[in-house]
Amino acid sequence: MRLKQILVLPKLPDRIKALQELAHNLWYCWNWDIIKLFIRLDPDSWEKYYQNPVEMLSQLPQYILQKAAKDEAFLVNLDRAYDKYQNYLKIKKWFTYNYEELQNHKIAYFSLEYGLDTGLPVYSGGLGVLSGDTLKSASDLGLPMVAVGLLYRYGYFRQFLSRDGWQQERYEENDWYHMPVELVKDENDQPVKISLVLDNVPVQIQIWKVMVGIIPLYLLDTNVPENSSKAREITSVLYGGDKDMRIRQEIVLGIGGVKALKALGINPVIYHSNEGHSWFLTLERIFSLMTDKKMSFQEASQYVWSTTIFTTHTPVPAGNEQFDSVLIHRYLGDIVRQLGISWKDFLAIGRVNPNDDSEQFGMTVAALKYSAFINGVSELHGKVSRDMWHNIWPNLPNQEVPIKSITNGVHPASWISHDMIDLYESYFGPRFTEMPGAPEIWERVYKIPDLELWRVHNKRRERLVFFARKRLKQQLIRRSASQIKIQQAEQVLNPQILTIGFARRFSTYKRGNLIFSDIERLEKIINNEKYPIQLIISGKAHPLDNPGKEIIKQIVDFTSHEKFRNRIIFLEDYDINVARYLVQGADIWLNTPRRPQEASGTSGMKAAINGGLNLSILDGWWVEGYGEETGFKIGNGEEYGNVDTQDKFDAEAMFNTLQREVIPLFYDRNDNDLPVDWIKKMKASIHMAGQRFSTHRMLMDYTNQFYVPAVKTSLRLQNNNFELNRQLTDWINRISYSWDRITIRDIEILDLKPTVYVGQKVNVRLHVYLDAIAPDDVRVEIVSGRINAQEQLLNFSPISATLENNQGKDGLYIYQAEIECRESGRFGITARIIPKNENLLHTFKPKLISWW
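In this text, all values refer to a predicted model and were calculated from it rather than measured experimentally.

1. Observations regarding the packing of aromatic side chains
For any two aromatic rings, the description comes down to two numbers: the centre-to-centre distance and the angle of the planes.
Consideration 1: Following the criterion strictly, the structure yields 40 aromatic pairs and no others.
Consideration 2: With a centroid separation of 5.4 Å and an interplanar angle of 50 degrees, the aromatic rings of Phe373 and Phe706 are classed as tilted. Taken as a pair, Phe373 in strand β13 (residues 373-376) and Phe706 in helix α29 (residues 695-739) lie far apart in primary sequence, 333 residues in all.
Consideration 3: Each member of the aromatic cluster is reached from another via a ring pair, and the members are Trp279, Phe280, Trp343, Phe346, Phe361 and Tyr370.
Consideration 4: We note Arg580 situated over the ring of Trp415; from NZ or CZ to the ring centre the distance is 5.6 Å.
Consideration 5: The ring centre of Phe666 lies 4.9 Å from the NZ or CZ of Arg669, which sits over that ring.

This is the structure in C-alpha cells:
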C-alpha cells in the first residue's frame, strides 16, 4: 500500500498564534512565564503530552483555543511573554560585548546526545544534559554557536520494573511532526539531504532543526524511504546495538555532520567535540581542505589540529570508545585511501602505542592527538586524564601533558525551581535575568531572610513528596498491584522530615547500593522517632549492564521491606522531569562514586543551586565545591587498591557523617522552628554553585581559554589562501627531519659551592647540538626541583636558557641559565629542547621533545 502524505497543522486563532512560535523554540523550557501559559490552557494535557507544547497544541480541542483567545488575562500574559522572547532574540549579549569582532565566526559543537527538555527525548543522561545546558547558556551569552547531533527515532529507552524489580526497557517511537523540531528544506520546499557511503552502500541523511534560544541545533536522520532497512536503523536508538551500529552512528555524526553544515552554507572556523564519539568529523574536515584548498594531508591535519577543541569525560580507560581495525577498515578504508596515507599510519592515529598492532582504534586517543585544546571536566578529572593518557606524550612529565581542566556546570534557569527563581529575583534584582553568568549577583543570597528561604524550600520538598506519591501510585497501577497497596502509596513519605535524594545512571562504580551496605544501621537511622529521614531514589541502568540492573533490583527489594516501606521509594523512568523535582526538593543530595571514577557529575550542582546540601565522596566537581560551610564530605579523598576495602571504608564514613553531622544539624531548631545553621549552609551552597558551577561560567572559560584563541588562530592561518598554515607545516616537517639528531651533550654547574642554601642561585651552562636546526626554532629549558626517592622531579617550573652566542660551530651551541634552589633537600637539575614557533598553539607535540 502506498500513501500520499500531507502535514496538517493546528489552527490557532490569530490572537494566540504567538503560542505556536513560542512552542517551537526550546527557550520556553527555561522560562516559567511561557510554561505557565501552556499549563493554564490545560494542565492535564501538559502532563499527558510529556510537557511538549507542540503536541499539546495539536491535540487541544478547538474550543479551548477559542476560549484562550478571548481570555483577557491570558492574552496579557501571552503578550508579555512574547515581548520578552522577542527582546531576548535581539538584545546584545555577553559575547558581543566582549568579542564583537568575532561575532560572525561560527563555533561548531558536536555531541551524540542533547538533553534539552522532557518533550524532546534525544538524550540518555549526564552527557546529554550537559550538552543541552551548554546550548542554553551559549544562547544566553550570545555565542555564535551551531550544534550537531543525531535524531533518534526511538531515543533512549523508557524504564519500567517487573514485579520482582528487574529493569525492563520500552522504546517509544518519536513523532517529530509533533515535537519542537523542523525538517530543513531547500528553496524548492524539498528536504535538504546529504549522502554517505557506508560499506559500499549509499546512505541518505535528512536534517532537522531545533532552535535553542538563538542557537540552531541540527539533528541528522537516516530514517528516509530511499535507504535500506539497515541504513534507516542507524539513527533509531541512542546507545543501542553493537559495535557495528555504534561506528555507523559515529560516522554519520562526524562525517555527516560536517557535510550537513556545508550543505546548509555554514562554515564554522572551529569545532568542539564533546567526547570522542564525533572524532570522525576530523576526517571530513581534512578531506574537504585537501579537495577545496589543495592542501596536503599534513597541511590539512595541522590546520584541523589548530582549530579543534576536545572535551574528554571518561576517567576509566575501558569507558572510552574503541573499534577493532577490521571494522574500521570496513567503513573507512576508502576514505583513508582518498586521504593518501597508509593504513598503518591511519591506525597509528588511534593508538597510544602506534607500533602495537593488537591495540584497537581509540576514538579518545585520536581526538587527543588531533586537538590543540583539550580539557577534562573537573580539576581532579584533568589530573586523572593527564595520568591516564601521558603515554601519548611519552617524553613529558604527567603534569605537563596538555590536558587542561574546565569544570562542568549547569544551566541555572533550567534547574532552579520557579518558586526559588521568584525569591532570587526579589533579592538579586534585574541583573539576575539580564546578566546571566555575572558571579557577583550571587553574593546577594545572604540578604535573603532565613524564614523566606526555608519557607520556599519546604514548599519544594512538599511538591517532591506529592510528585513521588503520584509516580509511585502510577507504577503500582501499571503492575496491577492490589488496591490496598495503591492506596498506601498516597501515604508514603513525610513532607516535613529530612529528605535525601539519590538519582543517576546505575553503574557499579556509582555504588547506588552503598547506603544499603549496613541494613541494621540504616533501619535505625531511617526510623529514628525523634530524627527520622527518608530516601527517594531514581535512575536507569544501560540495557546491557546487568550488574547495574542487579543494583536496582536490590534497592527495589529493600523498599518492599516493611521497615522501609514508607521511608524509601524508587521512582521509575528517570528523566529530566523527575530530576527537576528531586534536585529542587531534596534536603540532601547523596553521591557515592568510587573515587576517582566520577569525572565531574552535575546533579549535585543542580541540588546546590536550589539550596540542597551535598553529602558526597570527594570526587569530580565536589573536590572543588566542598567546604565546611557548603555541605558534607564522605571521607577525605582516600583511594584504596582493593575495591572491597574502599567500599567498606566509604560506607562507614558515610553513615558516620550522616549520624554525627547531617541529621543533628537539620533538626537543630531555634524558637521559631528554623534550622538556622542549616540555612546558613544552604546560602553558602547556593552562593558556591551559582557563582562557580553554572554553564555560563563554564562557557566563559571555554570562550576565553579555547574558543577565542582557536578562532584567532584559524583566521590567522587562513590568510592569503592558508599560506601561513603551509609555512607552519613545512617548518614542522623540517625540524622533525632533524629532531632525532639533536642532543644536550652536557650540563655544567658553574662555581658550585660545597654547601647550597635555600634561596641561593646556581649558574648552569648547557652544551647543545642542534644539527641543521636553527637556534631560533627551539627553546632550551632548564628543569629543576626537589626529587623523590625514585629520583623523579616533583613540582617544577621550566626556565628558558639564554643562547650565549649565535655562532654555533658544527651545530654546537652554548646556553646559560640561572636557577634558584627553592626548597631544601635533594635537588635535581636537567634540561630539554622543545620546538619554538609563535604560530604553534603549544609546542608539546609528541616526539618533538629532547631531554638530557
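On we go from here.
2. A look at helix α5 (residues 62-69)
Consideration 1: Residues Ile64, Leu65, Ala68 and Ala69 constitute the buried set of α5. Angular distribution of buried residues about the axis of α5 spans 140 degrees; they occupy a single face of the element. In α5, the exposed residues that point more than 90 degrees away from the buried face are Tyr63 and Lys67.
Consideration 2: If you follow the buried residues of α5, they end up packed against α2 (32-41), α4 (53-59) and α6 (72-90).

3. As for the pattern of salt bridges
Consideration 1: By the definition in use, this model includes 56 salt bridges.
Consideration 2: The closest approach of N and O atoms between Lys36 and Asp33, which form a salt bridge, is 3.9 Å. Taken as a pair, Lys36 and Asp33 lie in helix α2 at a separation of three residues, close to a single helical turn.
Consideration 3: Owing to a relative accessible area of 41%, Lys36 belongs among the partly exposed residues under this scheme.
Consideration 4: Under the relative-accessibility criterion, Asp33 is labelled partly exposed at 34%.
Consideration 5: Between Glu523 and Lys563 there is a salt bridge; the shortest N-O distance is 3.9 Å. Residue Glu523 is located in helix α22 (residues 519-526), and its partner Lys563 is located in the loop between α23 (546-559) and β17 (568-571); the two are separated by 40 residues in the primary sequence.
Consideration 6: Since its relative accessible area comes to 32%, Lys563 is described here as partly exposed.
Consideration 7: One connected set of salt bridges, linked through shared partners, spans Arg158, Arg170, Glu172, Lys540 and Asp573.

4. Points about the sheet that holds strand β22 (residues 761-769)
Consideration 1: What the four strands build is an open sheet, ordered β21-β22-β26-β25; its pairing is antiparallel. The two strands at the open ends of the sheet, each matched to only one other strand, are β21 (743-750) and β25 (802-803).

The rules behind each value
Residues numbered from 1 in each chain as written. Predicted model: local features only at pLDDT ≥ 70, side-chain atom pairs only at ≥ 80, totals over all residues. Heavy atoms only, no water. Phe/Tyr/Trp six-rings, centres within 6.5 Å; stacked < 30°, edge-to-face > 60°. Helix = DSSP H or I, 4+ residues; strand = E, 2+ residues; numbered from the N terminus. Lys NZ or Arg CZ within 6 Å of the ring centre and 35° of its normal. Buried < 20%, exposed > 50% of the residue type's maximum accessible area, 1.4 Å probe, protein only. Arc of directions from axis to C-beta. Contact = heavy atoms within 4.5 Å. Salt bridge = Lys/Arg side-chain N within 4 Å of Asp/Glu carboxyl O. Pairing = 2+ DSSP bridges.

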